[in-house]
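# Observations on chain architecture
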Amino acid sequence: MKKIKVLHMYADMLDLYGDSGNMEVIRYRCAKRGIECEVDTYSVDSEKPDFTSYDMIYIGGGADLEQQHISADLLKCREGIRAAYEGGTFLFLICGGYQLMGKYYRDADGNDIPGLELFDYYTVAPSSRRKRCIGNIVLRTEITGVPIEVVGFENHGGQTQGIKTPLGEVLYGNGNCSKSRYEGYFEKNVIATYMHGPCLSKNPELSDYMIGYCINRGADEMQELEPLDDTLEKECRKVMLDRLLTK
Amino acid sequence: MNRLLILIGKIIVGVLRLLGRNAGNLPGIILWHLTKGRCCKMFHTDCPIIAVTGTNGKTSVTNCIAQLFEQSGKKIIINKEGNNLDTGICSLLLRHCDGSGKVDADYLILETDESHVPVVYSQLKLETLVVLNFFRDQLDRNGEMETLIQKINGFCKTFEGNLILNGDDPNTARLGRANPENKKVKYFHAKPYAFATDKIFEASEGRFCPFCGEPLEYEYYQYSHIGRFRCKKCGFGDYEPYVTAEDIDLEKPVFTADGHEYTPKLNSIYNIYNMTAVASAAKLYGIDQSVTDSVINNYTINNGRMESFMLKDRHTTLNLAKNPVGANMTLRVMNEMKGEKELLFVLNDNVADGLDVSWIWDINFSIFERVTRVVTSGTRAYDIAVRIKCSGYDPEKIVVRPDLDEAVEELARTEGRKFVIANYTAVQPTRSALKRYITKHGGEHSEEN
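Here is what the cut-offs are and how they apply
- Residues numbered from 1 in each chain as written.
- Chains lettered and ligands numbered in written order.
- Predicted model: local features only at pLDDT ≥ 70, side-chain atom pairs only at ≥ 80, totals over all residues.
- Helix = DSSP H or I, 4+ residues; strand = E, 2+ residues; numbered from the N terminus.
- Buried ≥ 20, exposed ≤ 12 C-beta atoms within 10 Å, placed from the backbone.
- Contact = placed C-beta atoms within 7 Å.
- Axes fitted to C-alpha atoms, helices over the stretch in contact; angles between N-to-C directions.
- Parallel < 35°, antiparallel > 145°, perpendicular 65-115°, else oblique.
- Left-handed = near helix turned anticlockwise from the far one by under 90°.
- Nonpolar A, V, L, I, M, F, W, Y, C, P; charged D, E, K, R; others polar.
- Pairing = 2+ DSSP bridges.
- Expected span 1.5 Å × (residues − 1).
- Core = buried A, V, L, I, M, F, W, Y, C linked by C-beta atoms within 7 Å.
- Arc of directions from axis to C-beta.

## Details of the overall build of chain B
Secondary structure assignment for chain B yields 13 helices and 18 strands. For chain B, buried positions account for 48% of its 449 residues. At a minimum sequence separation of 6, the contacts of chain B that also span at least 24 residues come to 70%.

## Some remarks on the packing of helix α1 (residues 2-18) of chain B against helix α2 (residues 26-34) of chain B
All names here are of chain B. The geometry of α1 relative to α2 is characterised by a closest axis approach of 9 Å and an angle of 155° between their N-to-C directions. Relative to α2, the element α1 lies roughly antiparallel. Handedness of the crossing formed by α1 with α2: right-handed. Where α1 abuts α2, its residues L5, G9, I12, V13 and L16 lie against L26, P27, I30, L31 and L34. Residues of the contact of α1 with α2, tallied by class, amount to nine nonpolar, one polar and no charged.

## A few points about the sheet that holds strand β6 (residues 112-114) of chain A
Residues and elements named next belong to chain A. Here four strands make up an open sheet; going across it, the order is β6-β5-β7-β10 and the pairing mixed. If you trace the sheet from one side to the other, it starts and ends with β6 and β10 (159-161), each paired once. The average undirected angle you get between the axes of adjacent strands in this sheet is 20°.

## A few points about the pairing of strand β3 (residues 107-111) of chain B
All names here are of chain B. The buried fraction of β3 is high, at five of five residues. What you see with β3 is no split at all: Y107, I109 and E111 on one side and L108 and L110 on the other are buried throughout. In this structure, strand β1 (residues 49-53) lies alongside β3, joined through four bridges in parallel fashion. By the bridge assignment for β3, I50 is matched with I109. The pairing of strand β2 (residues 76-78) with β3 spans three bridges and is parallel. Opposite I77, over in β3, you have L108 as the bridge partner.

## Brief notes about the pairing of strand β4 (residues 90-94) of chain A
Residue and element names in this part refer to chain A. The element β4 is largely enclosed, with a buried count of five among its five residues. Alternating residues of β4 divide into F90, F92 and I94 and L91 and L93, and every residue in both groups is buried. Taken together, the four bridges between strand β3 (residues 56-59) and β4 define a ladder with parallel strand orientation. Looking at the pairing, I59 lines up with L93 of β4. Strand direction decides the pairing type here: β4 and strand β14 (residues 190-193), joined by four bridges, are parallel. The partner of L93 across the bridge, within β14, is A192.

## A word on helix α13 (residues 427-441) of chain B
Residue and element names in this part refer to chain B. Relative to the 21 Å expected for 15 residues at 1.5 Å per residue, α13 spans 21 Å between its end C-alpha atoms, a close match to the ideal helical length. If you follow the buried residues of α13, they end up packed against β12 (307-311), β13 (314-320), β14 (341-346), α12 (404-412) and β17 (417-422). G442, located one to two residues past α13, shows a positive phi value of around 95°.

## Here's the deal with the interface of chain A and chain B
Chain A puts 20 residues into the contact, and the matching count from chain B is 14 residues. Broken down by secondary-structure element, the contributors of at least two residues to the side of chain A that touches chain B are α1 (21-31) and α6 (231-245) of chain A. Examining the composition of the side of chain A that touches chain B, we find that five residues originate from one element, α6(A), more than from any other. Taken together, the residues that form the side of chain A that touches chain B break down as eight nonpolar, seven polar and five charged.

## Concerning unusual backbone geometry
Residue and element names in this part refer to chain A. For the bond running from G197 to P198, omega is -10°, close enough to zero to count as cis. Residue placement: P198 occurs in the loop between β14 and α5 (204-216). Non-glycine residue D45 carries a positive phi angle of around 70°. Structurally, the position occupied by D45 is in the loop between β2 (36-42) and β3.

## Section: the nonpolar core
With 111 residues, the main nonpolar core has M56(A), I57(A), Y58(A), Y185(A), M210(A) and A385(B) as its most contacted residues. Element by element, the count of residues in this core is highest for helix α11 (residues 381-390) of chain B, at seven residues. Those residues in contact with A385(B), other than ones at most four positions away along the chain, are L232(A), T376(B), I398(B) and V400(B). With 80 residues, the next largest nonpolar core counts C64(B), I77(B), L163(B) and I287(B) among its residues.

## Thoughts on the packing of helix α3 (residues 58-70) of chain B against helix α8 (residues 269-284) of chain B
Residue and element names in this part refer to chain B. One can describe the packing of α3 onto α8 by two numbers: an axis separation of 9 Å at closest approach and a directional angle of 30°. Once α3 is placed against α8, the crossing between them reads as right-handed. Listed contacts from α8 to S60, V61, C64, I65 and L68 of α3 are N274, A277, V278, A281 and A282. Counted by class, the contact of α3 with α8 contains eight nonpolar, two polar and no charged residues.

## Remarks on the sheet that holds strand β8 (residues 133-141) of chain A
Residue and element names in this part refer to chain A. The antiparallel open sheet is built from four strands, whose spatial order is β9-β8-β11-β12. The sheet is open, and its two edges are formed by β9 (148-156) and β12 (182-183), each paired on a single side. Contacting β8, β9 and β11 (168-172), α6 runs over the sheet at an angle of about 105° to β8.

## Concerning helix α9 (residues 289-298) of chain B
All names here are of chain B. Buried within α9 we find T292, V295 and I296. Down the axis of α9, the buried set is contained in an arc of 90°. They therefore lie on one face. Turned more than 90 degrees away from the buried face of α9 sit S290 and N298, all of them exposed. The inward-facing, buried residues of α9 abut α3, β11 (260-262) and α8.

These figures capture arrangement, not role.
See below:
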């Protein structure tokens, strides 16, 4: 039986807008295919795990306060996470998790929270806390090789800049900055996004991209994932696409 | 003839009471037939009548206005929500009139269905009409909005009483121009709250000026099409507000209306508008400020909390779940119930619900026990279906029916115990759909909550 190992970091603190649901979706889609999916959790002051032993590291989003709380601890994990990323571990990052992998996060008062500097983007929060990007969001992404439209819910003050390889093009909503053209950050083993919802609930292709990556990582022979019945998920997304894109 | 009709009506009410049934609508329906549709005409109401209408908030505002008078020591008669059609109002008056049809009260406060305003008040003399808003509810089957507005507009053309209108809803504000002779038109208005936007969030009615067809210009939108609007061509929207709500802080919650600060219990912008309508009525009738404070600051909703319905012979419990905590509690109650049961979950994503529906992922559905089928409905029917599926529930047993009436039909199709969970803005439409089912197929709804 194939198996993937996931490390869910700060699940108790970074869980906005159903972010933990992403793990439920990954587990569900693995179980349906007979893939064992083990999800370990890590939080502030836990014993440092061997990050490189995981196929995926997942970090969700949180309010500013929680983010400040975990940032010092996260910095202590920097080398471990870097080693895992360089070794091909998949990084799945939502909102705060996304921001903290960049150079820094400058909060509304102008204080810098240092990031892990894995990537060279950076995030600046507007001085007015009321200025937030909130609402449904639609992207067109081609990470699976064919253009697909994905739907999520964004709620962030931070404006993320310096992205060369975004996850997708914004068709509705804001994206990395207010009214920006692109959203998220993408590498073959990184999906970083502002999309909550949870993000994977309506976008089975993103889940399967990651699961496919994880089971094929280091394998000599590429294995196709067994297709699942995604009627409900696709109908769910269609309702939103019809509502948001046809004005 | 009048006396005979009233006698008949009173006998029906009495018989129903003897049978232990409450006389909600049935006497009115019988008299409606006997009077060829003019069932309110036989009553003499010397006291002022205040009617409240609109898509959302009728019950809240009616109850609060009634409270204003009741706490001022007046004798009032009010209809219970649900009996807001001509037949329901007729039944109500039958219970409160003497043999000649004379109704004894200081004020009649009547929640009135939008489509029944012209019907009822062509028969009873109306003193004040409060109009809250007009929305196209995707789950509502009232039909074309414009037709509805036209009907009420037709009534307003000859209406000479007080007209209290939501000045931030072009659909209701336009009624202020129906009768140019009427000087008793008053608008309530709210300044932007923290989540007001420059752009409209949801597709909706009322984007164009109803008088000249120009696109309406908005200074801000509070929710849906409610906001500060103006037509730059004809000046529609230029009015002097009668009562203005401002300094709205929903976190506390606190707001100021007509310069006086209120601390309501409910923290939605909907409630602020409702309470501003209440404050307008209080101002119009010179209600003592301490009474208005008491009413506005204490008003809360208790509908949809473990409310019982019989859909034919299927015992059904409706519960409101605004958040995962409430939903988990309901699921626990449902699980603890012996035997098999079915669940209808109605999920909406209107502004008052919080726009996003991801909170459903914090509901623990894996505890389901003896739940043989799930029906989902609402504007986000598929989201809740996906959620329940991913918790491990057999997708073959999930039926998605976004239309509420179809969902209730589907739920009641099979025998056995039923549970209904609806989120904030879904509760009232769900109650209405359950009642429509009962009207159509039989059953019972207990008025006591």
